[in-house]
Each structure stands twice: as structure tokens, then as C-alpha cells.
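An overview of the molecular structure
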Amino acid sequence: FEKTFLSQLDALFILDANNPPKILDCNPSATRVFGYSRKEMRGRPTDFLHVDKNTRQKFQEHLYPAIAKQGFFHLPEFRMKRNDGTVFPTEHTAVSLENNQGERIGWVSVIRDISERKRAEDALREREHYFRSLLFNMHEDILVIDRDHRVTDVNNTLQVATGLKYEEVIGRHC
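This write-up is about the structure you can find in this document. (Residues numbered from 1 in each chain as written. Predicted model: local features only at pLDDT ≥ 70, side-chain atom pairs only at ≥ 80, totals over all residues. Heavy atoms only, no water.)

**Some details on the environment of glutamine 60**
Of note, glutamine 60 is situated in helix 4 (residues 53-70). According to the relative accessible area criterion, glutamine 60 is buried, its value standing at 11%. Sequence separation between glutamine 60 and alanine 11 is 49 residues; the distance between their C-alpha atoms is 19 Å. Residues within four places of glutamine 60 in sequence aside, it is in contact with Asn19, Pro20, Pro21 and Pro65. (Helix = DSSP H or I, 4+ residues; strand = E, 2+ residues; numbered from the N terminus. Buried < 20%, exposed > 50% of the residue type's maximum accessible area, 1.4 Å probe, protein only. Contact = heavy atoms within 4.5 Å.)

Shown next, in the form of C-alpha cells:
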């Protein structure tokens, strides 16, 4: 368990069952992601990792029902705060730790920094917007085809020239 805990690239936290929970332990990735030393994080309530009290409360509003319903919690995107005050996007997975009587005694929380993924998604959206602007502002007839030679997009100029509607052209073979 210890080797697995220490070697994970995602931030891992072992938390107690308090509300808010206190950090019992964290892995080296947690120190890298959040910018605090292990010593600075251990024993502290998790409030300092959240953007503010309201976001922590919203997190918990989703956490407890999800744990009760499915036994784990997954939040694909949630903003957290680093030691330097930087707010960044994360992905969360949490599961409760229970004793032999089924009582919650703590949590395991896995936090993935998704900053790079979000930058890549934003860049892709920007390129898509640029491409669509070019496509629809050109005065030449333009159609876009995929590898299977099916039409995936056309501009208005082509629709006017052919008299075909967008829906009639999309998906056709060239």
C-alpha cells in the first residue's frame, strides 16, 4: 500500500471523518500539486485547499449523497487553490473509509490537476472557432470531408450555389 500511495501521480489524501475533514496523510504528488509540504498539510482541515467556504460546502453537498448512493464520489471538474493562491481545475474521486461496523472513519481523496487538459481543450476550441470562421466567411464553395470521404461540413456559399440544404449534404459520400 505504501509504495502505491507514494508513487501515484495524482494527489492522494487520507482524511479523518470530521467536517471539514482533517488531513491525516498525503502523498508527494499532493505536495507538488498544492505547493505545501507534507508537514504543512498534515493535521489541518481541508478548508485551505478549497477556493472558499462556499465552494467547499457545494463540494460536500454533492459528496455525501453520492457516497450514500453509489459508495464513491466522482467530480469531473472542480476548482481548488494552491499555496500561492492560484486557483486551478481538478478532477476528484473520493471513497469513504469504514470500520468493521460500517461506520465512516475517514476518506481517501484522489485529486488530479487537469490544468494541462483544460488548456488543450481551450486551444482546441479556439482552433475550431478559427476554422469555422474561415469556413463560413470564404466566398468560395467549401466542403469538408472526412477520411471515409463523407461530407462533415459545408459553407453557405456552397449551399447557395448547389441549392442544397445543410442537412441534405452532411453525411453524403463524395
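**Comments concerning the pattern of salt bridges**
Scanning all chains against the criterion turns up 13 salt bridges. The salt bridge involving arginine 82 is made with aspartate 113; its shortest N-O contact spans 3.0 Å. Within this pair, whereas arginine 82 is found in the loop between strand 3 (73-81) and strand 4 (87-98), its partner aspartate 113 is found in strand 5 (residues 104-113), the two being separated by 31 residues in sequence. Arginine 125 is paired through a salt bridge with aspartate 122; the nearest N and O atoms lie 2.5 Å apart. With arginine 125 and aspartate 122 both in helix 5 (residues 115-137) and three residues apart, the pair spans about one turn of that helix. For aspartate 122, a relative accessible area of 40% gives the class partly exposed. (Salt bridge = Lys/Arg side-chain N within 4 Å of Asp/Glu carboxyl O.)

**Digging into the pairing of strand 5**
In this sheet, strand 5 lies alongside strand 1 (residues 11-16) in antiparallel orientation, the contact comprising six bridges. Following the sheet pairing, alanine 11 is matched in strand 5 by isoleucine 111. In this structure, strand 4 lies alongside strand 5, joined through nine bridges in antiparallel fashion. Of the residues in strand 5, the one forming a bridge with glutamate 91 is arginine 112. (Pairing = 2+ DSSP bridges.)

**Examining the pairing of strand 2 (residues 23-26)**
Note that strand 1 and strand 2 share three bridges and pair antiparallel. Bridge pairing links leucine 15 to isoleucine 23 in strand 2. If you look at the hairpin formed by strand 1 and strand 2, you'll find six residues sitting between the two strands.

**Focus: the sheet that holds strand 5**
Ordered in space as 2-1-5-4-3, the five strands form an open sheet in which the pairing is antiparallel. Here the strands that pair on one side only, and so sit at the sheet edges, are strand 2 and strand 3. On average, each strand axis in the sheet is tilted by 30 degrees relative to the strand beside it, whichever way the strands run. Relative to strand 3, helix 4 is tilted by about 165 degrees, and along the sheet it contacts strand 3, strand 4 and strand 5. Here helix 5 sits on the sheet and contacts strand 3, strand 4 and strand 5; the angle it forms with strand 4, its principal contact strand, is near 135 degrees. (Axes fitted to C-alpha atoms, helices over the stretch in contact; angles between N-to-C directions.)

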